[in-house]
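Fold and contact review
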Amino acid sequence: MSINPIQFQRGLSLPDFLSQYGTEAQCESALEKVRWRDGFRCPQCGHDHCTVFRRGQQRLYQCSCCHHQTSLRVGTLFQASK
Ligand SMILES: [Zn+2]
């Protein structure tokens with residue numbers, strides 16, 4: 001069984017946590033790295049290229065092949081999060 005890198009990361013103090021995840025942009029970057037470790041992958045067709053744009057506060061990814069739009073949070077426990 002492989003080791004889950006999320007579950008087995010070192011503990012963080014609150015100041016360390018805030019310095020790494022204190023802004024929306026930092027959270028988005030961290031989630032993007034975890035979600036698409038090897039780069040974007042379309043959940044609809046599996047294509048690996050997309051266009052990134054913003055709608056309001058949300059960063060959206062549109063597949064270059066099938067034009068399916070997704071966000072970082074869709075399909076994760078953060079899906080209902082604002
Ligand atoms: Zn696609």
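Reference entry: report on the structure contained in this document.

Reading the values: rules and limits
Residues numbered from 1 in each chain as written. Predicted model: local features only at pLDDT ≥ 70, side-chain atom pairs only at ≥ 80, totals over all residues. Heavy atoms only, no water. Donors = N, O, S within 2.8 Å, 3.2 Å for Na, K, Ca; no water. Helix = DSSP H or I, 4+ residues; strand = E, 2+ residues; numbered from the N terminus. Buried < 20%, exposed > 50% of the residue type's maximum accessible area, 1.4 Å probe, protein only. Core = buried A, V, L, I, M, F, W, Y, C linked by side-chain atoms within 4.5 Å. Contact = heavy atoms within 4.5 Å.

Another aspect to go through is the coordination of the zinc ion. Protein coordination of the zinc ion is provided by Cys42 (SG), Cys45 (SG), Cys63 (SG) and Cys66 (SG), with donor distances spanning 2.3 to 2.4 Å. Read in sequence order, the donor residues coordinating the zinc ion give the pattern C-x2-C-x17-C-x2-C. Residue Cys42 is found in the loop between α2 (24-35) and β1 (50-55), and its partner Cys63 is found in strand β2 (residues 58-63); the two are separated by 21 residues along the sequence. Note on accessibility: Cys42 and Cys63 belong to one class, buried.

Attention now goes to unusual backbone geometry. The backbone of His67 shows a phi angle near 65 degrees, a positive value even though the residue is not glycine. Inspection of the secondary structure puts His67 in the loop between β2 and β3 (69-71).

Before going further, it helps to spend a moment on the nonpolar core. Grouped together as the largest cluster of nonpolar side chains are seven residues: Leu31, Trp36, Phe40, Cys42, Tyr61, Cys63 and Leu72. In this view, Leu31 contacts Leu72, Arg73 and Phe78; residues no more than four positions away in its chain are not counted.

A few words on the side chain of Glu28. Relative to the assigned elements, Glu28 resides in helix α2. Setting aside residues up to four positions removed in sequence, Glu28 forms contacts with Arg54, Gln57, Arg59 and Leu72.

On to the environment of Leu72. Here Leu72 shows up in the segment after β3. By relative accessible area, Leu72 is classed as buried at 5%. Separated by 41 residues in sequence, Leu72 and Leu31 have C-alpha atoms that sit 7.0 Å apart. When sequence neighbours within four positions are dropped, the list of residues in contact with Leu72 reads Glu28, Leu31, Glu32, Arg35, Trp36, Arg59 and Tyr61.

Keep in mind these numbers describe shape, not what the thing actually does.
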